[in-house]
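# Reading the structure
Here is how the chains run, residue by residue.
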Amino acid sequence: MGGAVSAGEDNDELIDNLKEAQYIRTELVEQAFRAIDRADYYLEEFKDNAYKDLAWKHGNIHLSAPCIYSEVMEALDLQPGLSFLNLGSGTGYLSSMVGLILGPFGVNHGVELHSDVIEYAKQKLDFFIKTSDSFDKFEFCEPSFVTGNCLEISPDCTQYDRVYCGAGVQKEHEDYMKNLLKVGGILVMPLEEKLTKITRIGPSAWETKKILAVSFAPLIQPNHADSGRSRLVHLPPVAVRSLQDLARIAIRGTIKKIIHQETMGKNGNGLKNPPRFKRRRVRRRRMETIVFLDKEVFASRISNPSDDNNNSEDIEDERREEEETKPSELKPDPPVNFLREKVLSLPLPDPLKYYLLYYREK
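About the cut-offs
- Residues numbered from 1 in each chain as written.
- Predicted model: local features only at pLDDT ≥ 70, side-chain atom pairs only at ≥ 80, totals over all residues.
- Heavy atoms only, no water.
- Helix = DSSP H or I, 4+ residues; strand = E, 2+ residues; numbered from the N terminus.
- Buried < 20%, exposed > 50% of the residue type's maximum accessible area, 1.4 Å probe, protein only.
- Contact = heavy atoms within 4.5 Å.
- Polar contact = N/O pair within 3.5 Å; in protein donor to acceptor, adjacent residues only side chain to side chain.
- Pairing = 2+ DSSP bridges.
- Axes fitted to C-alpha atoms, helices over the stretch in contact; angles between N-to-C directions.
- Expected span 1.5 Å × (residues − 1).
- Left-handed = near helix turned anticlockwise from the far one by under 90°.
- Nonpolar A, V, L, I, M, F, W, Y, C, P; charged D, E, K, R; others polar.
- pLDDT = per-residue confidence, 0-100.
- Phe/Tyr/Trp six-rings, centres within 6.5 Å; stacked < 30°, edge-to-face > 60°.
- Lys NZ or Arg CZ within 6 Å of the ring centre and 35° of its normal.
- Lys, Arg positive; Asp, Glu negative; His and termini not counted.
- Salt bridge = Lys/Arg side-chain N within 4 Å of Asp/Glu carboxyl O.
- Arc of directions from axis to C-beta.
- Parallel < 35°, antiparallel > 145°, perpendicular 65-115°, else oblique.

Here we take up the overall build of the protein. When its secondary structure is counted, the protein shows ten helices and eleven strands. Relative to its full complement of 362 residues, the protein shows a buried share of 41%. If you take every contact in the protein between residues at least 6 apart in sequence, the share linking residues at least 24 apart comes to 62%.

Structure follows, in structure tokens:
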């Protein structure tokens with residue numbers, strides 16, 4: 001699946017293309033896509049294809065096409081504080097983007113059949129938390145992954161506000177999927193070759209909307225040949241945050257508000273000065289006249305005594321202008337992590353500072 005939009009040179013250009021094609025339509029979804037670089041979830045030798053609108057598979061590792069993830073994120077109608085279940089969570093790319101929107105008081109669970117993919121997802125999640133500047137721009141709902149077949153989830157599990165299944169669902173499993181939802185919840189899944197959005201509007205009432213035609217590998221059926229009985233998948237319990245963790249969230253939130261107020265105060269409306277663009281210089285051209293005389297053609301140049309002087313002035317003006325604009329054309333400095341700088345400047349013991357920064361490396 002994929003190929004609906006042009007490839008990008010980098011993650012931002014890919015997102016620009018998805019926006020232009022109306023796959024990304026809301027600001028929250030756009031922010032989440034820009035915050036997490038898709039290439040970070042590829043193996044190094046395959047990163048050249050990261051910004052193409054194509055699915056990627058290597059062994060058990062799989063990523064859907066960007067246009068599919070865009071439609072899924074928009075259809076889920078995510079909001080802070082909701083609970084989310086990702087069936088076939090794979091690399092954790094989608095779960096991490098969802099976590100940026102859910103915020104610190106959401107629930108973010110994933111079920112993945114292959115244990116090696118779970119390990120890969122945990123490595124990518126750890127890399128994002130420790131190294132990405134985007135982490136400090138959001139309050140993150142960290143995903144938790146469990147190994148198992150998503151068709152064997154324990155019947156006593158909690159229900160969720162949002163559920164996504166990343167494999168083709170047969171009609172016989174539709175009711176099973178629906179029962180994972182709370183009333184008012186949204187389920188998005190490939191059902192009979194259509195990406196489908198199902199909203200639970202009552203205990204036994206549903207609204208169904210077909211989004212677009214898709215082609216997904218089907219769900220793998222449980223195999224009970226070894227033991228002869230089901231291996232129930234127990235989802236992580238919904239944990240209550242500790243008082244220490246809540247204090248960290250509150251402190252970080254307060255610091256972000258202070259940074260925002262300081263930025264507003266420095267820049268008036270909070271916007272930085274617009275970048276300076278090099279003005280195109282229009283050079284004056286000498287005029288040439290073509291004269292037709294008895295089938296002969298003569299080219300005549302009409303000169304102005306001041307032409308040579310004007311031309312010299314133009315060249316001098318261009319040189320001066322290039323020197324003036326040269327600093328603005330240099331490669332911009334890397335973005336500053338103001339939250340990190342502010343925390344490190346606080347009169348606090350170092351262990352507490354690093355706790356507030358989630359022990360991040362940068």
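From this point on, the discussion continues.
With respect to the secondary-structure elements, S154 resides in the loop between β5 (144–147) and β6 (160–165). The exposure class of S154 is buried, given its relative accessible area of 5%. A distance of 2.3 Å separates a polar atom in the side chain of S154 from a polar atom in the side chain of D156. Filtering out sequence-adjacent residues up to four positions away, S154 remains in contact with L232, V233 and H234.

Moving on, we get to the sheet that holds strand β8 (residues 194–202). Pairing within the open sheet is mixed, and its seven strands lie in the order β5-β4-β3-β6-β7-β8-β9. Lying at the two open borders of the sheet, with one neighbouring strand each, are β5 and β9 (205–213). Adjacent strand axes in the sheet meet at a mean angle of 15° when their direction is disregarded. In the packing of helix α3 (residues 66–76) onto the sheet, contacts are made with β3 (83–87), β6, β7 (181–191), β8 and β9, and the angle to β7 comes to roughly 165°. Taken strand by strand, helix α4 (residues 93–102) contacts β3, β4 (107–112), β5 and β6, and its axis lies near 175° from that of β3.

So, about helix α7 (residues 243–267). The end-to-end C-alpha separation of α7 is 36 Å, in line with the 36 Å expected for 25 residues at 1.5 Å each. Residues of α7 that are buried in the fold lie against α9 (338–345) and α10 (350–356).

Further remarks concern the packing of α3 against α4. At their nearest, the axes of α3 and α4 sit 12 Å apart, and the two run at 35° to each other. Crossing geometry of α3 relative to α4 is assigned as right-handed. Side by side, α3 and α4 meet where Y69, V72 and M73 of the first sit next to Y93, L94, M97, V98 and I101 of the second. Tallied by class, residues from the contact of α3 with α4 come to eight nonpolar, no polar and no charged.

Confidence in the prediction for the protein averages 85 pLDDT; 78% of positions are at 70 or higher. Overall, residues 269–305 carries pLDDT values under 50, and its contacts beyond four positions in sequence, including any with other chains, amount to 40 contacts.

The next point concerns the packing of aromatic side chains. Scanning the model with the defined rule gives nine aromatic pairs in all. With 5.9 Å between their ring centres and 75° between their planes, F135 and F140 make a pair best called edge-to-face. Take F135: its relative accessible area is 4%, and that puts it in the buried class. Overall, F140 belongs to the buried group, its relative accessible area being 9%. Here F135 and Y358 contribute two aromatic rings whose centre-to-centre distance is 5.3 Å and whose plane-to-plane angle is 85°, an arrangement assigned as edge-to-face. Of this pair, F135 sits in the loop between α5 (115–131) and β5 while Y358 is found in the segment after α10, placing the two residues 223 residues apart along the sequence. Taken together, the aromatic side chains of F128, F135, F140 and Y358 make up a single cluster linked through ring pairs. Directly above the ring of Y355 sits R248, whose terminal nitrogen or CZ lies 4.0 Å from the centroid.

For the rest of this paragraph, the subject is the side chain of E74. Summarising the element assignment, E74 is placed in helix α3. The side chain of E74 is buried and forms no salt bridge, while R25, the nearest opposite charge, is found at 4.7 Å. Apart from residues lying up to four places away in sequence, E74 is in contact with Y23, I24, R25, T26 and V29.

Every buried residue belonging to helix α1 (residues 11–20) is among N11, L14, I15, N17 and L18, and all of these are buried. The arc enclosing the buried residues of α1, seen along the axis, measures out at 160°, which places them on a common side. On its buried side, α1 packs onto α2 (27–35) and α3. Just downstream of α1, Q22 is the residue with a positive phi angle, here 70°.

On to the packing of α7 against α9. Closest axis-to-axis distance for the α7/α9 pair is 10 Å, and the angle between their directions is 110°. Comparing their axes, α9 and α7 come out roughly perpendicular. The two elements α7 and α9 meet at a crossing, and its hand is right-handed. Residues R252, I255, K256, I259 and E262 of α7 form the contact with α9, whose participating residues are F338, L339, K342 and V343. Partitioned by chemical class, the residues of the contact of α7 with α9 number five nonpolar, no polar and four charged.

Within the fold, Q244 resides in helix α7. Exposure remark for Q244: the relative accessible area of 52% places this residue in the exposed category. In sequence terms Q244 and Y355 are 111 residues apart; their C-alpha atoms lie 10.0 Å from each other.

Turning our eyes to something else, we now look at unusual backbone geometry. With phi around 70°, Q22 is a residue other than glycine that occupies positive phi space. With respect to the helices, strands and loops of the structure, Q22 is situated in the loop between α1 and α2. Not every positive phi belongs to a glycine, and Y359 is a case in point at roughly 55°. Given the relative accessible area of 54%, Y359 is considered exposed.

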